[in-house]
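Each chain, written out:
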Amino acid sequence: MKRIKEILAASALVVLAAPYPVNAQIIPQPWVSVGGREGDVTFSVGARAFDFGVELGRGPDGASGVDVLKFLSLPVISPYVGIGLYSEDQGIALSGGLQVNTASNLVVGVGYNSVRGVNGQVGIRF
């Protein structure tokens, strides 16, 4: 049993310490998104670097704001959560979603923002 624990611990360290390409993280990964909430079209632009992102968005009734996002990098998919602040009495926004790296340098995703609603995302990975 002790040997199994040692193997599991060593495996976890190898996985955590394994090198992975960071070139894509040096240059921010930009994206645009378009969505909707209650019949209004919403949009945003964002950028991601080092598993953190910033998204500037425009919501219904002229509300504009900024969201700070935290990504969890997995081999192909990157789920994220975020929190933002919006004008026009919209206040604090919560968001979450998923971005998928395709075989090319294209990133596609889907997300939800409590101010801007459901949105689709398209971006570039350098």
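In case you missed it, the structure is sitting above this.
All values derive from a computational prediction rather than experimental measurement.

S.K.: Could you clarify how one ought to interpret the pairing of strand β2 (residues 40-49) in this entry?
M.R.: Side chains on a regular strand alternate between the two faces of the sheet. For strand β1 (residues 29-37) and β2, the ladder comprises nine bridges, and the chain directions are antiparallel. Bridge pairing in β2 places Ser33 opposite Ser44. If you look at the hairpin formed by β1 and β2, you'll find two residues sitting between the two strands, and Glu38 has a positive phi there, around 50°. Strand direction decides the pairing type here: β2 and strand β3 (residues 52-58), joined by seven bridges, are antiparallel. Bridged to Arg48 within β3 is Gly53.

S.K.: Just to check I follow, could you spell out the packing of aromatic side chains for this structure?
M.R.: Geometry of an aromatic ring pair is reported as the spacing of the ring centres plus the angle between the planes. Enumeration according to the criterion identifies two aromatic pairs in this entry. Arranged with centres 6.0 Å apart and planes meeting at 75°, the rings of Trp31 and Phe71 form a pair that is edge-to-face. Separated by 40 residues along the polypeptide, Trp31 in strand β1 and Phe71 in strand β4 (residues 64-71) bring together distant segments of the chain. With respect to burial, Trp31 and Phe71 carry one shared label: buried. Arranged with centres 5.1 Å apart and planes meeting at 45°, the rings of Phe71 and Tyr80 form a pair that is tilted. Each member of the pair, Phe71 as well as Tyr80, carries the same accessibility label: buried. Counting every residue linked through ring pairs, the aromatic cluster contains Trp31, Phe71 and Tyr80.

S.K.: Teacher, can you tell me more about the environment of Leu98 here?
M.R.: Mapped onto the elements, Leu98 comes out in strand β6 (residues 91-101). Classification of Leu98 as partly exposed rests on a relative accessible area of 30%. Sequence separation of Leu98 and Val110 is 12 residues, and the distance between their C-alpha atoms is 5.7 Å. When sequence neighbours within four positions are dropped, the list of residues in contact with Leu98 reads Ile77, Ser78, Pro79, Tyr80, Val108, Gly109, Val110 and Gln121.

S.K.: I'm lost on the sheet that holds β2 in this one. Help?
M.R.: Whenever strands of a sheet pair, they do so through backbone hydrogen bonds, lying parallel or antiparallel. Strand order in the closed barrel made by the eight strands is β1-β2-β3-β4-β5-β6-β7-β8, with antiparallel pairing throughout. Direction aside, neighbouring strands of the sheet carry axes that sit 25° apart on average. Across eight bridges, strand β7 (residues 106-113) lies against strand β8 (residues 117-124) in antiparallel orientation. Residue pairing for β8: Val108 is matched across the bridge by Val122.

S.K.: Teacher, can you tell me more about the environment of Gln90 here?
M.R.: Mapping Gln90 onto the fold places it in the loop between β5 (77-86) and β6. Classification of Gln90 by relative accessible area gives partly exposed; the value is 26%. In this structure, Gln90 is in contact with Arg37, Ala63 and Val115, ignoring residues within four places of it in sequence.

S.K.: Any chance you could explain a nonpolar patch on the surface here in plain terms?
M.R.: Together, Val32, Val45, Val54, Leu56, Val66, Leu106, Val108 and Val122 make up an exposed nonpolar region whose accessible area comes to about 590 Å². When residues of the nonpolar patch are traced back to their parent elements, those giving at least two are β3 and β7. One can find Val122 in strand β8. Accessibility expressed as a relative area gives 45% for Val122, which makes it partly exposed.

Cut-offs used in this document
Residues numbered from 1 in each chain as written. Predicted model: local features only at pLDDT ≥ 70, side-chain atom pairs only at ≥ 80, totals over all residues. Heavy atoms only, no water. Pairing = 2+ DSSP bridges. Helix = DSSP H or I, 4+ residues; strand = E, 2+ residues; numbered from the N terminus. Phe/Tyr/Trp six-rings, centres within 6.5 Å; stacked < 30°, edge-to-face > 60°. Buried < 20%, exposed > 50% of the residue type's maximum accessible area, 1.4 Å probe, protein only. Contact = heavy atoms within 4.5 Å. Axes fitted to C-alpha atoms, helices over the stretch in contact; angles between N-to-C directions. Patch = residues over 30% accessible without salt bridge, like charges linked within 9 Å, V, L, I, M, F, W, Y side chains within 5 Å. Areas by Shrake-Rupley, 256 points an atom, 1.4 Å probe, with all protein chains shown as cover. Salt bridge = Lys/Arg side-chain N within 4 Å of Asp/Glu carboxyl O.

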